[in-house]
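Residue-level structural notes
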Amino acid sequence: MAMHCATCPARRGHTLVELVLTIAMLGIAAAVAIPSLRTIADRMSVRAATQDVVLGLWAARNVAAMRGDYASFVVDAQSGRLQVVTGGDTVFARELTLKRGVTVRATRDSITYAPSGVGFGAANTTIILSRGRRADTVVTSRLGRVSYR
């Protein structure tokens, strides 16, 4: 049998008004935080995709020089797929749209590197990676130099 203390205050629960106010404040906090989290996720996805593109360009250039054969960095903008192909072999591949959720646009669908490691072709190439409001641009010069912003 439980005994009650005469000097102890009675234990009371929360009122409905207190619960509604707490839930409303949590909703307001979530409404403020979610857009910030989305912006961070977009930035991280675009940055990771940019690193994938730069790595692919580096791989194409180095494979060409190491194998003494032409190597192509191929961009399929519709599917968001990148790959490096040399001598009929795919030596590097990334699924940017599927894995990173980014949109890919490119001024050319491929960049070929000569056995010397220098770009083979007549034009610079620009690859734009975007998700939400975030976008990065990777530019490859005719000689094979890569810059991004």
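Located above this text is the structure these notes cover.
Just so it is clear, the model here is predicted, and its values are computed rather than measured.

Each value, and the rule that gives it
Residues numbered from 1 in each chain as written. Predicted model: local features only at pLDDT ≥ 70, side-chain atom pairs only at ≥ 80, totals over all residues. Heavy atoms only, no water. Helix = DSSP H or I, 4+ residues; strand = E, 2+ residues; numbered from the N terminus. Buried < 20%, exposed > 50% of the residue type's maximum accessible area, 1.4 Å probe, protein only. 1 Å grid on protein atoms, 1.4 Å probe; cavity = no way out; pocket = protein on both sides within 12 Å on 5 of 7 lines; lining within 4 Å. Points joined across faces, edges and corners; volume = space filled by probe spheres on them. Nonpolar A, V, L, I, M, F, W, Y, C, P; charged D, E, K, R; others polar. Phe/Tyr/Trp six-rings, centres within 6.5 Å; stacked < 30°, edge-to-face > 60°. Pairing = 2+ DSSP bridges. Contact = heavy atoms within 4.5 Å. Axes fitted to C-alpha atoms, helices over the stretch in contact; angles between N-to-C directions.

A word on the environment of alanine 41. Note that alanine 41 resides in helix α1 (residues 16–67). You can call alanine 41 partly exposed: its relative accessible area is 31%. Separated by 93 residues in the primary sequence, alanine 41 and arginine 134 place their C-alpha atoms 9.8 Å from one another.

Enumeration over the complete set of coordinates arrives at 1 cavity of 30 Å³ or more. Lining the largest cavity, in full, are Arg108, Ile111, Thr112, Gly119, Phe120, Gly121, Ala123, Thr125, Thr140, Ser141 and Arg142. Put simply, the parts of the chain that give the lining of the largest cavity at least two residues each are β5 (110–113) and β6 (119–120). Class assignment for the residues of the lining of the largest cavity results in 3 nonpolar, 6 polar and 2 charged.

This paragraph deals with the packing of aromatic side chains. The final tally for this structure, using the stated rule, is 1 aromatic pair. Consider the rings of tyrosine 70 and phenylalanine 120, whose centres lie 5.2 Å apart with planes at 65 degrees: the pair is edge-to-face. Here phenylalanine 120 lies in strand β6 and tyrosine 70 lies in the loop between α1 and β1 (71–76), a separation of 50 residues in the sequence. Classification of tyrosine 70 as partly exposed rests on a relative accessible area of 39%.

For the rest of this paragraph, the subject is the sheet that holds β1. Strand-to-strand pairing in sheets goes through backbone hydrogen bonds, with the strands running parallel or antiparallel. The strand order across the open sheet built from 5 strands is β3-β2-β1-β5-β6, with neighbouring strands paired in antiparallel fashion. Taken across any chain shown, the strands that pair with only one partner, and hence form the sheet edges, are β3 (89–95) and β6. Here 5 bridges tie β1 to strand β2 (residues 81–86), and the two strands are oriented antiparallel to one another. Its bridge partner being in β2, valine 75 is matched across the sheet by leucine 82. Here α1 sits on the sheet in contact with β1, β2, β3 and β5, set at roughly 175 degrees to β3.

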